[in-house]
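Here is how the chains run, residue by residue.
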Amino acid sequence: QSTWGFLSIPTGPDFMAALARMSCIELQQEFGALLPAYCDYEAAAAVAATLNVSEVRRLGSSLANDANMTGTAIRFPSVEVEAAFILVEHALDFGGGWRNELHAFHGRGAWQTVKPGVEALFGACPSLDASWLASRSDADVARLFALDGPGSETLSGFVCGLGTVVRELGTNALGSGHATMVAFVAAALDRIAGSTSPASELVLLLCAAFPLTFADEHVVRGRRVAFFKKAQLVVGEMFHRFRGEDSRFAFADGNELTAFIDNVICAVLRRDGVVRVSAELASELDALVALPSGSESEVSLRAAAMAGVEAIVAAVVARGLELHAIEL
């Protein structure tokens, strides 16, 4: 085993994804309905029984042939540059808790704010130079993401969060000897070459190199719970986007990544009865109250969704069909 952060990371096939899925499942198994959110395994089996597996798999596999999942119109000079852009874009993909302030400011949500902001950042520095990223002030970030001007004061916390990520990417890339994010990606690909679990190793590299950004792990009732959602999303998009054209991204364990647990997956599984929530949490969710990141409510909700996805996949596989969590 190798130690990283406060978690002991088991080596072997798909170890990072296994850590994420098992930490969520074990939390659910130990505490269940005592948590603000928990998985209803009977409901998961019912969903699996009616799931159109071939359609789900068709949609999942089509991601490899789409333009890219992030849908940018930028014409990249190389695969490595596009991969670095994907890393930066998903590193900055947050802000759901600021949706009300964002809509009040310019009528757009978090992703509709982040996506053009990252495109503007790339336009200002197409090399994704690490020194340049490390030296960006919050004012620079506010300008690039169009979050300055009258009324933007309510978004200062969001801007500060974006700036923190931008600076961590640049500072830590430099600290590991890479002058650009493109160089970091190229070195990471070299490092995982020949690995039997390259996707999992790349997730680990991202979490170790940029822990504030990618190492989303928490403690709930004394249990360590990990998701690695953004790191897995980066690796998953690289896998889908490039595996058909560049063998470096044809990760042998690419299909072993977990589902990328976000508010949409949580909402769908709650609608289907797979995720059950307490009356108090239901009131907060129905009122669109933002759950504090790392709170017991937020972590147990995401963990319940993770356990639910895994239960649905297990039930489908038990019927002799093929399905991967990353496809849901």
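Residues numbered from 1 in each chain as written. Predicted model: local features only at pLDDT ≥ 70, side-chain atom pairs only at ≥ 80, totals over all residues. Heavy atoms only, no water.

A.B. asks: Any chance you could break down the overall build of the protein for me, citing the residues and the numbers?
C.D. replies: Helix and strand counts for the protein stand at 16 helices and six strands. Taken over C-alpha atoms, the radius of gyration comes to 20 Å for the protein, in line with the 20 Å a tight globule of 328 residues would show. If one aligns the C-alpha atoms of the protein with their principal axes, the spans along those axes are about 50 × 50 × 40 Å. For the protein, buried positions account for 52% of its 328 residues. Sequence-distant contacts in the protein: of pairs separated by 6 or more residues, those separated by 24 or more amount to 73%. Across the protein, the centroid of the 24 positively charged side chains sits 2 Å from that of the 38 negatively charged ones. (Helix = DSSP H or I, 4+ residues; strand = E, 2+ residues; numbered from the N terminus. Rg over C-alpha atoms; globule rule 2.2 N^0.38 Å. Buried < 20%, exposed > 50% of the residue type's maximum accessible area, 1.4 Å probe, protein only. Contact = heavy atoms within 4.5 Å. Lys, Arg positive; Asp, Glu negative; His and termini not counted. Charge placed at Lys NZ, Arg CZ, Asp CG, Glu CD.)

A.B. asks: Hey, could you go over the nonpolar core for me, with residue numbers and the actual values?
C.D. replies: Formed by 109 residues in total, the largest nonpolar core has its most connected members in L87, L92, F145, M181, L206 and F214. If you tally residues by element for this core, the top one is helix 16 (residues 296–318), at 12 residues. Residues in contact with F214, not counting those within four places in the same chain, are L87, A91, L206, C207, F228, K230, A231 and V234. (Core = buried A, V, L, I, M, F, W, Y, C linked by side-chain atoms within 4.5 Å.)

A.B. asks: I'd like to hear about the side chain of R136, residue by residue, with values.
C.D. replies: Turning to its location among the elements, R136 is positioned in the loop between helix 7 (130–134) and helix 8 (138–144). A polar contact is formed between the side chain of R136 and the backbone oxygen of W132, at a distance of 2.8 Å. Of the polar contacts made by the side chain of R136, one reaches the side chain of D140; its length is 3.5 Å. (Polar contact = N/O pair within 3.5 Å; in protein donor to acceptor, adjacent residues only side chain to side chain.)

A.B. asks: How would you summarise the pattern of salt bridges if you had to cite specific residues and measurements?
C.D. replies: This model, assessed by the stated rule, comprises 19 salt bridges. A salt bridge links E82 to R241; the nearest nitrogen and oxygen atoms lie 2.8 Å apart. Within this pair, whereas E82 is found in helix 4 (residues 79–91), its partner R241 is found in helix 13 (residues 229–242), the two being separated by 159 residues in sequence. You'll find E82 and R241 in the same group, each marked buried. Several salt bridges converge on common partners, so that one network encompasses E26, E30 and R223. (Salt bridge = Lys/Arg side-chain N within 4 Å of Asp/Glu carboxyl O.)

A.B. asks: Hey, could you go over the packing of aromatic side chains for me, with residue numbers and the actual values?
C.D. replies: Two numbers describe a pair of aromatic rings. These are the distance of the centres and the angle of the planes. Scanning the model with the defined rule gives 10 aromatic pairs in all. Relative to F251, the ring of F239 has its centre 6.2 Å away and its plane inclined at 20°; by these criteria the two rings are stacked. On the criterion of sequence distance, the pair formed by F239 in helix 13 and F251 in the loop between helix 13 and helix 14 (263–271) is long-range, its members being 12 residues apart. Between F249 and F251, the ring centres sit 6.2 Å apart and the planes meet at 55°, which makes this aromatic pair tilted. (Phe/Tyr/Trp six-rings, centres within 6.5 Å; stacked < 30°, edge-to-face > 60°.)

A.B. asks: Lay out unusual backbone geometry with the relevant residues and their values.
C.D. replies: For A146, which is not a glycine, the phi torsion comes out positive at approximately 55°. With respect to the element layout, A146 can be found in the loop between helix 8 and helix 9 (156–175). Residue class for A146 comes out partly exposed when judged on its relative accessible area of 40%.

A.B. asks: Give a detailed account of the pairing of strand 4 (residues 217–220), specifying residues and quantitative values.
C.D. replies: Relative to strand 5 (residues 223–226), strand 4 runs antiparallel, the two sharing four bridges. Across the sheet, residue H218 finds its bridge partner in strand 5, namely V225. The turn linking strand 4 back onto strand 5 is made up of two residues, and R221 within it adopts a positive phi angle of 50°. (Pairing = 2+ DSSP bridges.)

A.B. asks: Explain the packing of helix 11 (residues 198–209) against helix 13 residue by residue, including any values.
C.D. replies: Following both chains from N to C, one finds helix 11 and helix 13 inclined at 135°, their axes separated by 9 Å at the closest point. Taken as axis vectors, helix 11 and helix 13 run oblique relative to one another. Every pair of crossing elements has a handedness; the one defined by helix 11 and helix 13 is right-handed. Mapping the contact onto sequence places A199, L202, V203, L206 and C207 in helix 11 and A231, Q232, V234, V235 and M238 in helix 13. Within the contact of helix 11 with helix 13, the residues separate by chemical class into nine nonpolar, one polar and no charged. (Axes fitted to C-alpha atoms, helices over the stretch in contact; angles between N-to-C directions. Parallel < 35°, antiparallel > 145°, perpendicular 65-115°, else oblique. Left-handed = near helix turned anticlockwise from the far one by under 90°. Nonpolar A, V, L, I, M, F, W, Y, C, P; charged D, E, K, R; others polar.)

A.B. asks: I'd like to hear about helix 13, residue by residue, with values.
C.D. replies: Since one α-helical turn is 3.6 residues long, residues separated by three or four positions face the same way. Helix length check: helix 13, at 14 residues, gives a terminal C-alpha distance of 20 Å against a target of 20 Å (1.5 Å per residue), a fit within 8%. Here helix 13 lies mainly inside the structure; 14 of its 14 residues are buried. (Expected span 1.5 Å × (residues − 1).)

A.B. asks: Summarise the environment of A20; cite the residues concerned and give the values.
C.D. replies: Of note, A20 is situated in helix 1 (residues 15–31). A20 gets classed as buried once you look at its relative accessible area, which sits at 0%. In sequence terms A20 and Y38 are 18 residues apart; their C-alpha atoms lie 16 Å from each other. Apart from the residues within four sequence positions on either side, A20 is in contact with A226, F227, F228, Q232, T258 and M306.

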